[in-house]
Amino acid sequence: MRPTPRPFVAFFVVASISSAALAQGVGYTDTPMLPGQAWKVHDKDRPNPPVVDPGSADAPAPVPSDAVVLFDGTSTDAWQHGDGRDAEWIVKEDGSMQVKPGSGDLLTREHFGDCQLHIEWATPKVVTGTGQGRGNSGVFFLGMYEVQILDSYENRTYADGQAAALYGQYPPMVNASRGPGEWQSFDIIFEAPRFARDGSLEKPAFVTVLHNGVVVQHRQEFLGRTAHRAVASYSPHAPKGPIKLQDHGNPMRFRNIWVRSLASAEEQAATETGRRH
Ligand code: MG
């Protein structure tokens, strides 16, 4: 019998395991470069942001008097599925609504453009899955521009896919996540993109995100409509659209969701001078 070259065998086993793990959970090497950045889409080598402890959460945040309430703990009436079905997500006794995996994303019946959104969310207390498979959802403005929701508490994934990332585009500045099962919040100021009559982009979308009260995106520009394993790009659409919550197969909970529409600069000027469009 020939002697076994053990060091060689061990080397190849380790190498193949680590490359499989990287491909599955931590990032990609075969995706295109992000324009204006030094990284590829979902780059496995992009450093994850530093961790910040945001402090503990107590009661839900107060609701401003001019807010449109999208979920107050009692009813999913403000929401529907993409095909027009009434919302099938589950209203629970604790005042949350929980994703019913497989039922599909939920979209607001009302459409919004520029807005301020408050939303509270909790990932499952019992951790199952890893990376993108662990506590995944997302908030999509106009149904297209995603701020990622993920259990990013000691859960490694590609930097541009962790909680509060503009998915596939920009990681948050810091990781302000709370632990599995704890209530977390996003306060988001979203500016919708503007398109000229000929369909060309006049102004991209911008977003500011506070995660558990910590600024993690500061008027960050969206490169385009959220995409997976591809560079995002814009195509023209209406100035308003539904706010979408993603069913990614995890039993995520949401509570205390409200939105305030923000006037554009032109609308604000018209209001101030008493003129109408
Ligand atoms: Mg998501």
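Heads up: these notes are all about the structure in this document.

Cut-offs used in this document
- Residues numbered from 1 in each chain as written.
- Predicted model: local features only at pLDDT ≥ 70, side-chain atom pairs only at ≥ 80, totals over all residues.
- Heavy atoms only, no water.
- Donors = N, O, S within 2.8 Å, 3.2 Å for Na, K, Ca; no water.
- Buried < 20%, exposed > 50% of the residue type's maximum accessible area, 1.4 Å probe, protein only.
- Helix = DSSP H or I, 4+ residues; strand = E, 2+ residues; numbered from the N terminus.
- Pairing = 2+ DSSP bridges.
- Core = buried A, V, L, I, M, F, W, Y, C linked by side-chain atoms within 4.5 Å.
- Contact = heavy atoms within 4.5 Å.

Another point: the coordination of the magnesium ion. Protein coordination at the magnesium ion comes from N136 (OD1), S137 (O), E146 (OE), Q148 (OE1) and Q246 (OE1), with a distance range of 2.2 to 2.5 Å. Mapping the donors of the magnesium ion onto the primary sequence gives the spacing N-S-x8-E-x1-Q-x97-Q. The class of Q148 is buried, set by a relative accessible area of 1%.

All right, on to the pairing of strand β12 (residues 206-211) then. Taking burial as the measure, the six residues of β12 include five buried ones, the bulk of the element. The sheet contact formed by strand β9 (residues 184-191) and β12 spans six bridges and is antiparallel. Counted as the bridge partner of I188 is V209 from β12. Strand direction decides the pairing type here: β12 and strand β13 (residues 214-221), joined by five bridges, are antiparallel. Bridging from a neighbouring strand, F206 pairs with E221 of β13.

Below, the discussion takes up the nonpolar core. Within the largest apolar cluster, 47 residues are counted, with the highest numbers of intra-cluster contacts made by L117, F141, F186, F190, F254 and I257. Among the secondary structure elements, those contributing two or more residues to this core are β1 (68-71), β6 (115-122), β7 (137-141), β8 (145-149), β9, β12 and β15 (253-261). Looking at this core, the element that brings in the most residues is β6, giving four residues. When sequence neighbours within four positions are dropped, the list of residues in contact with F141 reads C115, L117, V147, I188, F190, P242 and I243.

Purely geometric numbers; function is a separate question.
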